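The lines below spell out each chain.
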Amino acid sequence: MKFLTWVFKILFILTFFQLFSLAQELQAAPELICAEADRLALHGFKAKILKDTTDILSSWTGKDCCGGGWEGIECDPATGRVNRLILQKPSERDTSIYMKGTLSPTLGDLHFLETMIISGMKHIGGTIPVSFSNLTKLQQLILDDNSLQGYIPSSLGHLSSLQTLSLGGNHLSGQIPSIIGNFKNLQQLSLSGNLLKGPIPIAFKNLGNLQSLDLSHNLLSGVVPDFLGQLQNLTYLDLSSNQLSGQIPVSLCNLLKLSFLSLDHNRMTGRIPSQIGRLKALTSLSLSFNKLTGQIPESIAGLPNLWNLSLSRNDLLDPLPIAFSKGLPSLLSVDLSYNNFNLGTVPEWIRNREFSDVNLAACKLRGTLPNFTRPDSLNSIDLSDNAFTDGISNFFARMLSLQKAKFSNNQLKADVSGIKLPDGISSLDLHSNQLIGSLSRMLSNKTSKFLEAIDVSNNQLSGNIPEFVSELNLKVLNLGSNKITGQIPSSISNLDKLERFDISRNQITGTIPIGLGSLVKLQWLDLSINRISGKIPDSLLGIEALRHANFRANRLCGEIPQGRPYNIFSKAAYAHNLCLCGNPLPPCKVKKQEKLGQ
């Protein structure tokens, strides 16, 4: 027995020294663990990526993913294990930079991972692997702005350490799983921009540490639940662009830390709770595009930090709160458009304040356009669908910051040649008024390069379409339904950023310039109801982005360009011309000389 006892002691001592030696080796060379485990998991993911124009994965070479300069990979120096995987699109503007493929289940083998960010790649699809439930140390899981599909796996409920979960901007479907209520440490949750449906789960009431909740742009239905008012740490709540109904719960007015609240584009009914005045931290309140009734509560005037108030497209009634004239000291942006207000004139508290955005469309305003005490602060203004008759000629004076202006559907009378636009304006909408004159001054070589959209359709403008210089950045040019004469200038080819071109219902003559075909970004083209002659040039086949074209009621003749999309547009797009032929119209007649030559 003594002999066996000594044998066990010797074996124990040898095993101890072996383990101690191994531990020292691993501590001295932690990259060995990475090479044998994490590297395989990362290469499994790399193998699932069919295309990588980011050049990120090209750096994933060699056996050492911790010390080998693998882009997007970070390791814990103590353990030598991968703890951060961050793959983000380098540039939001460049749509050609992306990864195409799927998320590999092998990523679930990165057991020491604390942060996983695979964001903005647009073309990474497939489902969220169930194996992600193995990432029990994960604190941040951000997979937004990809093309992920399927349900949110209920197995993610095992990730009890999760503090941030962002799956927005994908194609996820089904209901929001109740397992999200298991994330007791969760602070940020974004599921926006998906196809999620059903109610907001009652399990959300367990998320006591939640600070930001974004469920916008989904298909969620049911009521806004009362229990959201129990999430006392919420500072950001966005439930916009869903199918939520019922009244705004008074319990939301208990969220004293809330700075952002958006319920717009839903089906909310009833009145705005008067208790909303409790939300002293609120900076932005958006309730637009609902079915809210009654008057705006006076208590909103007591919100000292509110800079954005958007209540448009409801059934709200007069009068506006009297307290607005002295309250809301931080307000910079106001939108009261398309309610049941009968204001008559722009309220003094709006005219005399330093606003950046004023939207009062369809508020039954009339007379002369308002004079603002601080016009230099205005960034955008919408006074459309009212009954203004005068004041447009000098309205833009001293508006040094104005970028967007909309005055459509009024009764404004003026000569547009006398209107001087601000240098920085990017969008101007004057359609459906009683404006006269020529566009030669408004669209000239002195036109601001910032101007991207101009709509002066349905007026009484005359003269020719002016020549266009190459410096212009116009994307939208709508001159339809006027009395414009002359030809389409060949310099139209200089508008290489143009996406929408409408000169319908005028008195345009001449032919369609061949250079029109060089506008490869054009999506909408309407030349209908004019006096244009000649043929439709084959150069237009170069406009592959075109989605709508109308050549109706002109004097065009010859074969319609035989290629997409021209030969698949409806017949109505070519009706009432002299002698157009070819698909989608009847075939062109063969000339007699061609027949004799056969």
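Note that the structure is a prediction, hence the values are computed from the model and not measured.

1. A short note on the state of the cysteines
- Under the defined criterion, the tally for this structure stands at 3 disulfides.
- There is a disulfide in this structure between cysteine 66 and cysteine 75, and the S-S distance comes to 2.0 Å. Measuring the twist about the S-S bond at about -90°, one finds the cysteine 66-cysteine 75 disulfide to be left-handed.
- Two residues share a disulfide in this structure: cysteine 557 and cysteine 579, whose sulfurs sit 1.4 Å from each other. Taking the torsion about the sulfur-sulfur bond, which here is approximately -110°, the covalent link between cysteine 557 and cysteine 579 counts as left-handed. In this pair, cysteine 557 sits in strand 37 (residues 555-559) while cysteine 579 sits in strand 38 (residues 579-581), placing the two residues 22 residues apart along the sequence.
- In this structure cysteine 557 comes out as partly exposed when scored by relative accessible area, which is 29%.
- Judged by relative accessible area, which is 35%, cysteine 579 ranks as partly exposed.

2. Brief notes about the sheet that holds strand 37
- In space, the 3 strands of this open sheet follow the order 35-37-38, with parallel pairing throughout. Every other strand in the sheet has two partners, leaving strand 35 (533-534) and strand 38 as the edge strands with one partner each.
- Where strand 35 lies against strand 37, 2 bridges are found, and the strand directions are parallel. If you follow serine 533 over to strand 37, its bridge partner there is arginine 555.

3. Some points on the sheet that holds strand 6 (residues 123-125)
- A sheet is described by the order of its strands in space; here 3 strands give the open sequence 1-4-6, paired in mixed fashion. Either end of the sheet is taken by a strand with one partner, and the two such strands are strand 1 (49-52) and strand 6. Each adjacent strand pair in this sheet contributes to an overall mean axis angle of 5°, direction not counted.
- For strand 4 (residues 99-102) and strand 6, the ladder comprises 3 bridges, and the chain directions are parallel. By the bridge assignment for strand 6, lysine 100 is matched with histidine 123.

4. Some words on the pairing of strand 3 (residues 82-88)
- Relative to strand 3, strand 2 (residues 73-75) runs antiparallel, the two being bridged by 3 bridges. Among the inter-strand pairings, cysteine 75 is bridged to a residue of strand 3, identified as valine 82.
- Taking the residues between adjacent antiparallel strands as the criterion, strand 2 and strand 3 are bridged by 6 residues, where glycine 80 takes a positive phi near 70°.
- Where strand 3 meets strand 5 (residues 115-119), 5 bridges bridge the pair, whose relative direction is parallel. Looking at the pairing, isoleucine 86 lines up with isoleucine 117 of strand 5.

5. What about the environment of aspartate 526?
- Here aspartate 526 shows up in strand 34 (residues 524-526).
- Given the relative accessible area of 8%, aspartate 526 is considered buried.
- Spatially, the C-alpha atom of aspartate 526 lies 6.2 Å from that of isoleucine 503, the residues being 23 residues apart in sequence.
- Leaving out residues up to four positions away in the same chain, aspartate 526 has contacts with Phe501, Asp502, Ile503, Ser504, His548 and Asn550.
- One polar contact links aspartate 526 to serine 528, side chain to side chain, over a distance of 2.6 Å.

6. Here we look at the packing of aromatic side chains
- Applying the stated criterion to the full structure yields 11 aromatic pairs.
- Consider the rings of phenylalanine 396 and phenylalanine 407, whose centres lie 6.0 Å apart with planes at 80°: the pair is edge-to-face. Here phenylalanine 396, found in the loop between strand 26 (387-390) and strand 27 (404-406), pairs with phenylalanine 407, found in the loop between strand 27 and strand 28 (427-429); they are 11 residues apart in sequence, far enough to count as distant. The burial state of phenylalanine 396 is the same as that of phenylalanine 407; both residues are buried.
- Taken together, the aromatic side chains of Phe372, Phe395, Phe396 and Phe407 make up a single cluster linked through ring pairs.

7. So, the confidence of the model for the chain
- Taken over all residues, the pLDDT of the chain has a mean of 91, while the share at 70 or more is 92%.
- Below a pLDDT of 50 lies the segment residues 1-31, which in the model reaches 5 contacts outside its immediate sequence neighbourhood of four places, other chains included.
- Overall, residues 592-598 carries pLDDT values under 50, and its contacts beyond four positions in sequence, including any with other chains, amount to 1 contact.

Cut-offs used in this document
Residues numbered from 1 in each chain as written. Predicted model: local features only at pLDDT ≥ 70, side-chain atom pairs only at ≥ 80, totals over all residues. Heavy atoms only, no water. Disulfide = S-S within 2.5 Å. Helix = DSSP H or I, 4+ residues; strand = E, 2+ residues; numbered from the N terminus. Buried < 20%, exposed > 50% of the residue type's maximum accessible area, 1.4 Å probe, protein only. Pairing = 2+ DSSP bridges. Axes fitted to C-alpha atoms, helices over the stretch in contact; angles between N-to-C directions. Contact = heavy atoms within 4.5 Å. Polar contact = N/O pair within 3.5 Å; in protein donor to acceptor, adjacent residues only side chain to side chain. Phe/Tyr/Trp six-rings, centres within 6.5 Å; stacked < 30°, edge-to-face > 60°. pLDDT = per-residue confidence, 0-100.

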